[in-house]
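# Residue-level structural notes
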Amino acid sequence: MEKGPFSVEWLAQSSRGGAQAAARRPRSPPGGTGSRESPADLGDPGHEVEAGGGGPAVPGRPRTKFSAAQLQELERSFREQRYIGASEKRRLAAALNLSQSQIKTWFQNRRMKFKRQTQDAR
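Not measured: the values here are computed from a predicted model. Counting of residues starts from 1 at the beginning of each chain's written sequence and follows it residue by residue. At least 70 in pLDDT is required for a residue's local features to be given in this predicted model, at least 80 for side-chain atom pairs to be given and counted, and no such filter applies to totals for whole chains, interfaces and linings, which use all residues. The side-chain numbers reported here are obtained from all heavy atoms of the structure, hydrogens and water having been left aside.

### Considerations on helix H3 (residues 68–80)
A run of H or I in DSSP counts as a helix once it spans at least four residues, and a run of E counts as a strand once it spans at least two, with each numbered from the N terminus. A helix's residues, less one, multiplied by 1.5 Å, set its expected span. Along its 13 residues, H3 runs 19 Å from first to last C-alpha, staying within 8% of the 18 Å computed at 1.5 Å per residue. For H3, every residue scored as buried is listed here: Gln70, Leu74, Ser77 and Phe78. The buried residues of H3 all sit within an arc of 100 degrees when viewed along its axis, so they share a single face. Structural note: H3 exposes Ala68, Ala69, Gln72, Arg79 and Glu80 on the side pointing more than 90 degrees away from its buried face. Whether two residues touch is decided by their heavy atoms; if any such pair falls within 4.5 Å, the residues are in contact. Those residues of H3 that are buried lie in contact with helix H4 (86–96) and helix H5 (100–121). Each residue is placed in one exposure class: buried if its accessible area under a 1.4 Å probe, protein chains only, is under 20% of its type's maximum, exposed if it is over 50%, and partly exposed if it falls in between. Here, the arc refers to the directions that run from the helix axis to the C-beta atoms.

### Here we look at the pattern of salt bridges
Between Lys or Arg on one side and Asp or Glu on the other, a salt bridge is scored when a side-chain nitrogen of the former is within 4 Å of a carboxyl oxygen of the latter. Taken as a whole and assessed by the stated rule, the structure comprises five salt bridges. Close ionic contact of Glu73 with Arg91 constitutes a salt bridge, the shortest N to O distance being 3.3 Å. With Glu73 in helix H3 and Arg91 in helix H4, this residue pair connects regions lying 18 residues apart in the sequence.

### Points about the packing of H3 against H4
Note on definitions: angles span 0 to 180 degrees between N-to-C directions of axes, and those axes are lines fitted to C-alpha atoms, for helices only across the stretch in contact. The geometry of H3 relative to H4 is characterised by a closest axis approach of 11 Å and an angle of 165 degrees between their N-to-C directions. When the axis of H3 is compared with that of H4, the two are roughly antiparallel. As H3 packs across H4, the resulting crossing turns out to be right-handed. Counted together, Gln70, Glu73, Leu74, Arg76 and Ser77 of H3 and Glu88, Arg91, Leu92 and Leu96 of H4 form the full contact between these two elements. Oblique is the label for every angle not falling under 35 degrees (roughly parallel), over 145 degrees (roughly antiparallel), or within 65 to 115 degrees (roughly perpendicular). The handedness criterion is simple: a crossing whose near helix is rotated anticlockwise from the far helix by less than a right angle is left-handed, and one whose near helix is rotated clockwise is right-handed.

### A word on the nonpolar core
Residues Leu74, Phe78, Ile84, Leu92, Ala93, Leu96, Leu98, Ile103, Trp106 and Phe107 constitute the largest nonpolar core, which totals ten residues. Taken together, the elements giving at least two residues each to this core come down to H3, H4 and H5. With sequence-adjacent residues up to four places away left out, Trp106 is seen in contact with Phe66, Leu71, Leu74, Glu75 and Phe78. The term nonpolar core refers to a set of buried residues drawn from Ala, Val, Leu, Ile, Met, Phe, Trp, Tyr and Cys, joined through side-chain atoms within 4.5 Å.

### Here we look at the packing of H3 against H5
One way to put it is that H3 packs onto H5 with a least axis distance of 11 Å and a crossing angle of 65 degrees. Note that H3 runs across H5; the crossing there is right-handed. Across the interface between the two elements, Leu71, Leu74, Glu75, Ser77 and Phe78 of H3 pack against Ile103, Trp106, Phe107, Arg110, Arg111 and Phe114 of H5.

### Brief notes about unusual backbone geometry
Here Asn97, not a glycine, exhibits a phi torsion of approximately 60 degrees, which is positive. Mapped onto the fold, Asn97 is located in the loop between H4 and H5. Given the relative accessible area of 71%, Asn97 is considered exposed.

### Here we look at the confidence of the model for the protein
The score called pLDDT rates the predictor's confidence residue by residue, from a low of 0 to a high of 100. On average, residues of the protein carry a pLDDT of 74, and 57% of them reach 70 or more. Across residues 19–23, confidence stays below pLDDT 50; counting only partners more than four residues off in sequence or on other chains, it has one contact. Predicted confidence for residues 32–53 stays below pLDDT 50, and this span has ten contacts to residues more than four positions away or in other chains.

So, in structure tokens, the structure goes:
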């Protein structure tokens, strides 16, 4: 009897081998190209991950370090209004040379910081 991918012998062998058998079997996702390389493996500079980071691994871009002038303008805008509108987000992004998603994320994080500060004060 042939040991095909769905035979009883093949299933028994693969279950006994555990991780070793899984490592020997090349698998590709259904409908995929069969490539198991991640964007980081391909040398894509937009997907580099720092080694030894203590936080959660979020692929994409490195942590943004805001300048003092950027922070001053963001804080001023936050004091005026805690929730930023689309037009103000576009204006700030252009004025501070940041993306709109960076502005949005900064406001989300700042609201959480504000919430923690007000809860701690009570």
